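Structural overview for review
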Amino acid sequence: MTIGRMENVEVFTSEGKGRGLKATKEFWAADVIFAERAYSAVVFDSLVNFVCHTCFKRQEKLHRCGQCKFAHYCDRTCQKDAWLNHKNECSAIKRYGKVPNENIRLAARIMWRVEREGTGLTEGCLVAVDDLQNHVEHFGEEEQKELRVDVDTFLQYWPPQSQQFSMQYISHIFGVINCNGFTLSDQRGLQAVGVGIFPNLGLVNHDCWPNCTVIFNNGKIELRALGKISEGEELTVSYIDFLNVSEERKKQLKKQYYFDCTCEHCQKKLKDDLFLGVKADPKPSQEAVKEMIQFSKDTLEKIDKARSEGLYHEVVKICRECLQKQESVFADTNLYMLRILSTVSEVLSYLQAFEEASDYARRMVDGYMKLYHPNNAQLGMAVMRAGLTNWHAGNIEVGHGMICKAYAILLVTHGPSHPITKDLEAMRVQTEMELRMFRQNEFMYHKMREAALNNQPMQVMAEPSSEPAPALFHKKQ
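Everything quoted here is computed from the prediction, not taken from an experiment.

Reading guide: rules and limits
Residues numbered from 1 in each chain as written. Predicted model: local features only at pLDDT ≥ 70, side-chain atom pairs only at ≥ 80, totals over all residues. Heavy atoms only, no water. Helix = DSSP H or I, 4+ residues; strand = E, 2+ residues; numbered from the N terminus. Areas by Shrake-Rupley, 256 points an atom, 1.4 Å probe, with all protein chains shown as cover. Lys, Arg positive; Asp, Glu negative; His and termini not counted. Charge placed at Lys NZ, Arg CZ, Asp CG, Glu CD. UniProt positions renumbered as here; feature names shortened; annotations may be inferred. Pairing = 2+ DSSP bridges. Axes fitted to C-alpha atoms, helices over the stretch in contact; angles between N-to-C directions. Contact = heavy atoms within 4.5 Å. Buried < 20%, exposed > 50% of the residue type's maximum accessible area, 1.4 Å probe, protein only. Polar contact = N/O pair within 3.5 Å; in protein donor to acceptor, adjacent residues only side chain to side chain. Expected span 1.5 Å × (residues − 1). Patch = residues over 30% accessible without salt bridge, like charges linked within 9 Å, V, L, I, M, F, W, Y side chains within 5 Å. Salt bridge = Lys/Arg side-chain N within 4 Å of Asp/Glu carboxyl O.

Regarding its fold elements, the protein chain presents 15 helices and twelve strands. Principal axes of the C-alpha set define a box for the protein chain whose edges measure 75 × 55 × 45 Å. Accessible surface, the protein chain as shown: approximately 23,400 Å² in total, 50% of it carbon and sulfur. Considering the protein chain, the positive charge centre built from 59 side chains and the negative charge centre built from 62 side chains are found 3 Å apart.

This is how it looks when you write it as structure tokens:
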């Protein structure tokens, strides 16, 4: 296997984990260790008409390819940039008469690139697509079946005049997509819009409490340091959200990525006591705790159902009742309580009931702060939303404090040029100005605020989606 060279990092064999990447120099929080463009990437099936197929930005008006009528682009520039990767796809879609699913489209794009450039290392890559892990041998029956269907469809879609690959190679590429697919988000980073293969990123191993984070910005991913990393230290990212007990995280990693997590947080079950925290005084009986966990699980299912039907007032009612019961049993870091707090604050903000939402949002942030790594991107986004909610509710001091806190986190996880960080910077300036006014003359501040609100409604939160925040790594659930 040939290994490419790259500044800042080198490939090594990591004990019990196969290959990994380590730092060849010292890094500090917010440093970009490397940036990488996708080897190949596609837009999700559900969004092909709403997202540019080149830069993955969501746009109102997109131009579509006159030939296949499938590909959509921001403008001529994006269309021109796409042609090399779209040319084969364009004629294949016309010949096949329909558009295959995202997995098949991605596999084909990878293989057309292999056909153009050969199977070796491409410039700037540490590892060839051929050498990425595919885990096909670990597939269960269901996955084997899906793989066979995908391969069959692929063979019908793949043009006879293109290079013909072996069944084994085609299965390898589908396996690579299954365990190395990375989720691409739109320009605001709020919605998952596609999936891509980034070979260098594929070498970075998982840790539930990692020293790096990955962000998609302006057409490429960045691997960013979350704190000080010493020369020679292994670079890690988290493939899943940390907010779960170690047993559950291990199960999820085994199911989706086929490995047993041996990170320190899983081995020592760190923070599990907080995730399952119960009231200290008076301490509830084990029976009461068990009952409350079951009740919470049932409630979460009810909430999902009401949410999927758009019954937001019903969601709020269920959450309020659930929290009332939970409060006598669970501590403020308990996972089940935090899930309810997160839902109710988001839905109430959408319904513009900012005052009630702001209290729940504050409690959620207090819990998150005790659980997440201080520079976790999801923590930053949650603190930002809570800050916005408090600002809308007129709690200017709390709102400004949270917006500053979120800004500090996102400077590390997203960097100063990311659109969300820029938005946050503008909010910080705005809330700082309002806070100064508030401190000089509270009465005038409230008068002006009322006038401003009557004039133009403050920007309203997006409609709560039933989907969770975009997961970094693209997995079939």
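Structure's up, so let's keep going.
As annotated by UniProt and renumbered to match this structure, "domain: MYND-type" (unreviewed entry) occupies residues 52–90. For residues 52–90, the helix share is 38%, the strand share is 10%, and the end-to-end C-alpha distance is 15 Å.

On to the UniProt feature "domain: SET" (unreviewed entry) in the protein chain. With numbering aligned to this structure, UniProt lists the feature "domain: SET" (unreviewed entry) at residues 7–240. A helix fraction of 29% and a strand fraction of 23% characterise residues 7–240, whose end C-alpha atoms lie 27 Å from each other.

What follows covers the sheet that holds strand β11 (residues 220–225). On the basis of which strands lie adjacent, the open sheet formed by three strands has the order β3-β11-β10 and antiparallel pairing. This sheet does not close on itself; its edge strands, each paired only once, are β3 (32–37) and β10 (212–217). The mean inter-strand angle of the sheet, taken between neighbouring strand axes irrespective of direction, is 20°. As defined by bridge partners, β3 adjoins β11 across five bridges and the pair is classed as antiparallel. Paired with V32 across the strands is R224, a residue of β11. The strands touched by helix α13 (residues 396–413) within the sheet are β10 and β11, with β11 carrying the most contacts at an inclination of about 110°.

Its place among the elements puts Q187 in the loop between β7 (181–185) and β8 (192–197). In this structure Q187 comes out as partly exposed when scored by relative accessible area, which is 24%. For Q187 and F56, which are 131 residues apart along the polypeptide, the C-alpha to C-alpha distance reads 7.4 Å. Filtering out sequence-adjacent residues up to four positions away, Q187 remains in contact with F56, K57, R58, H418 and P419. Of note is the side chain of Q187, whose polar atom sits 2.9 Å from the backbone nitrogen of R58.

On to unusual backbone geometry, then. At the junction of D281 and P282, the peptide bond is cis and its omega measures out at -5° in the coordinates. With respect to the secondary-structure elements, P282 resides in the loop between α7 (272–275) and α8 (286–308). Of note, the phi angle at N218 is positive, near 55°, even though the residue is not glycine. Positionally, N218 belongs in the loop between β10 and β11. Backbone geometry at K269 places phi at a positive 50°, although glycine is not the residue there. With respect to the helices and strands, the residue K269 is situated in the loop between α6 (264–267) and α7.

Helix length check: helix α2 (residues 102–117) (16 residues) gives 22 Å between terminal C-alpha atoms against 22 Å at 1.5 Å per residue, within 8%. Buried residues dominate α2, accounting for 13 of its 16 residues. The N-cap residue of α2 is N101: its side-chain oxygen and the backbone nitrogen of N103 are 3.0 Å apart.

Here β7 lies mainly inside the structure; five of its five residues are buried. Residues G181, T183 and S185 of β7 are buried on one face, and the alternating residues F182 and L184, pointing to the opposite face, are buried as well. Note: β7 against β8, five bridges, orientation antiparallel. Following the sheet pairing, T183 is matched in β8 by V195.

What follows is about α13. The end-to-end C-alpha distance of α13 is 25 Å, a good match for the 26 Å that 18 residues give at a rise of 1.5 Å each. Every buried residue of α13 is listed here: I396, G399, H400, M402, I403, A406, Y407, I409, L410, V412 and T413.

This brings us to a nonpolar patch on the surface. Taken together, the side chains of F443, M444 and M448 present a nonpolar region at the surface, about 320 Å² in accessible area. With respect to the helices and strands, the residue M444 is situated in helix α15 (residues 442–455).

Attention now moves to the environment of Q168. Tracing the chain through its elements places Q168 in helix α4 (residues 167–180). You can call Q168 exposed: its relative accessible area is 69%. Expressed as a C-alpha distance, the spacing of Q168 and V151, which sit 17 residues apart in the sequence, is 9.9 Å.

In this section: the pattern of salt bridges. Tallied over the entire structure, the rule returns 18 salt bridges. In this structure, E26 engages K228 in a salt bridge whose closest nitrogen and oxygen atoms are separated by 3.4 Å. With E26 in the loop between β2 (18–23) and β3 and K228 in the loop between β11 and β12 (236–237), this residue pair connects regions lying 202 residues apart in the sequence. According to the relative accessible area criterion, E26 is partly exposed, its value standing at 39%. D45 is the salt-bridge partner of R105, the closest N and O atoms lying 2.8 Å from each other. With a gap of 60 residues between them, R105 in helix α2 and D45 in the loop between β4 (40–43) and β5 (63–64) connect regions that are remote in the sequence.

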